[in-house]
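Topology and contacts: notes
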Amino acid sequence: MAKTSLDKSKIKILLLEGIHQTAVDNLRNAGYSNIEHLPTSLDEAALIEKIRDVHFIGIRSRTQLNERVFAAAEKLVAVGCFCIGTNQVDLDAALARGIPVFNAPYSNTRSVAELVLAEAIMLLRGIPEKSARAHEGGWLKSAKNSHEARGKTLGIVGYGSIGSQLSVLAESLGFDVIYYDVVAKLGMGNARQVGSLEELLAKADVVSLHVPDLPSTRWMIGAEQIACMKPGGILINASRGSVVVIEPLAEAIREGRLNGAAVDVFPVEPKGNDEEFESPLRGLPNVILTPHIGGSTLEAQENIGIEVSEKLATYSDNGTTVTSVNFPEVALPSHPGKHRLLHIHDNVPGVMSEINRVLSENSINIAGQYLQTNDKVGYVVIDVDKAYGPQALDALRQVAHTLKVRVLYSEGSQDI
Ligand SMILES: NC(=O)C1=CN([C@@H]2O[C@H](COP(=O)(O)OP(=O)(O)OC[C@H]3O[C@@H](n4cnc5c(N)ncnc54)[C@H](O)[C@@H]3O)[C@@H](O)[C@H]2O)C=CC1
Ligand SMILES: O=C(O)CCC(=O)C(=O)O
């Protein structure tokens, strides 16, 4: 009997952190029924236990997929980050096991930009403090430290998707926009790139951070940088908690050197809504603290659910890895009537000739072959006319430097 693929109902999908229902619906419509959908993240011990028989996992920013978790994930085929940032995933550990990681690079961009703009206006007017006082029965009617946005300088650090979207919205409200980025970028509208972080900090009334978590951005705003900011300046961080050293920021607010701050992301964030949030910023005047909700709008979450689940289903069904953040990108046609082999291996010389030797020795004629590599991994997809026999598959798995082999039969179901 011809070898048959693993039934889709046996492909186990684990979705954590309250990923939007659109993801579940989309995966079900694509034929995947074995879906566990949990509202929270899992701690490392629970995750290690659960991930052993999982083929696809979906997470947001809270779940840490580290080397120890990947080591336990014996059946894992792909990871979906239902967010922009992928710093919570050890991308090299995934790559070393032949596991592509996908994300949603644009779906919550607008949500973050809108929140930051609103916060800039609220902080320029001292609203957090005035509102808190009114809630307590006080009446802080005063124009002291209250400013229009018009004509103020907004300094954006990291002029990528969010930074540039914010730039457009802010300019339409009358901000003068300057930005600092390590890459030369064309400014939107009248926005101007400045040559250094120090220059931006010295010129901006409001500084907003939109860099990814990288070794080069870790703690990039500390005491020295805060001291470079304009007296009475405002700092907004909706990027990552590793970008700003919190204590000097708190001190600058306490001493009145800065007029306000909005912080959405923290060095340590509660693991769930039941855990207490602790921060030196708690209780400080004109400081907006939000629980990492920059991208948490219904619109963004709905779109992210669709986008990332589609990427997972497409990879599962036909091997396409386009937009993966750690993997060689291959765009594949559908393969009616063909049997598709996915071979993932260390990118070292000689692997392709070994694969082709095995195919030739087993009289397997190649109908299509698609190869991409990155500096660590090679990903080759081979379509053939007849089913791979167990002997050929075993030989392909034995090829030195093989990381993972999967077969997708033309019916669309697969052998994992
Ligand atoms: N608070 C929240 O809920 C959310 C937070 N984020 C965070 O925002 C970050 C930015 O998102 P996008 O704009 O989509 O990313 P992006 O990749 O489009 O833009 C990042 C920009 O930062 C620049 N950059 C990198 N290193 C830099 C450095 N040392 N100094 C100055 N610029 C530097 C890059 O060249 C790039 O232009 C994400 O990586 C994520 O961590 C994203 C979405 C939601
Ligand atoms: O929605 C989330 O959990 C995280 C949002 C975020 O920080 C991102 O998209 O990078």
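Everything in this summary refers to the structure shown in the same document. For clarity, every value in this text was computed on a predicted model and none was experimentally measured.

What counts as what
- Residues numbered from 1 in each chain as written.
- Chains lettered and ligands numbered in written order.
- Predicted model: local features only at pLDDT ≥ 70, side-chain atom pairs only at ≥ 80, totals over all residues.
- Heavy atoms only, no water.
- Phe/Tyr/Trp six-rings, centres within 6.5 Å; stacked < 30°, edge-to-face > 60°.
- Helix = DSSP H or I, 4+ residues; strand = E, 2+ residues; numbered from the N terminus.
- Buried < 20%, exposed > 50% of the residue type's maximum accessible area, 1.4 Å probe, protein only.
- Near = heavy atom within 4 Å.
- Polar contact = N/O pair within 3.5 Å; in protein donor to acceptor, adjacent residues only side chain to side chain.
- Areas by Shrake-Rupley, 256 points an atom, 1.4 Å probe, with all protein chains shown as cover.
- Axes fitted to C-alpha atoms, helices over the stretch in contact; angles between N-to-C directions.
- Left-handed = near helix turned anticlockwise from the far one by under 90°.
- Contact = heavy atoms within 4.5 Å.
- Nonpolar A, V, L, I, M, F, W, Y, C, P; charged D, E, K, R; others polar.

1. Things to note about the packing of aromatic side chains
- Inspection of every chain in the model, using the stated rule, returns four aromatic pairs.
- Look at Phe-266 and Phe-277: their rings are 4.7 Å apart centre to centre, the planes differ by 65 degrees, and that puts the pair in the edge-to-face class. Here Phe-277 lies in the loop between strand S11 (258-263) and strand S12 (287-289) and Phe-266 lies in the loop between S11 and S12, a separation of eleven residues in the sequence.
- With a relative accessible area of 23%, Phe-277 lands in the partly exposed category.
- Ring geometry for Phe-327 against Tyr-379: centres 5.4 Å apart, planes inclined by 65 degrees, an arrangement best described as edge-to-face.

2. Considerations on the site of ligand 2
- Near ligand 2, the surroundings consist of Arg-60, Ser-61, Cys-83, Ile-84, Gly-85, Asn-108, Arg-240 and His-292.
- A distance of 2.9 Å is found between an oxygen atom of ligand 2 and a side-chain nitrogen or oxygen belonging to Arg-60.
- Measuring from an oxygen atom of ligand 2, one finds a side-chain N or O atom of Asn-108 at 3.0 Å.
- If ligand 2 stood free it would expose 290 Å²; the protein chains cover 91% of that surface.

3. Examining the packing of helix H1 (residues 21-29) against helix H11 (residues 298-318)
- Two elements in contact, H1 and H11, have axes whose closest approach is 7 Å; the angle formed by their N-to-C orientations is 30 degrees. Considering how the two elements wind past one another, H1 and H11 form a crossing that is right-handed. Here Thr-22, Ala-23, Asn-26 and Leu-27 of H1 come into contact with H11, specifically with Gln-301, Glu-302, Gly-305, Ile-306, Ser-309, Glu-310 and Ala-313.
- Grouping the constituent residues of the contact of H1 with H11 by class yields four nonpolar, five polar and two charged.

By themselves, these observations are geometric and do not establish any function.
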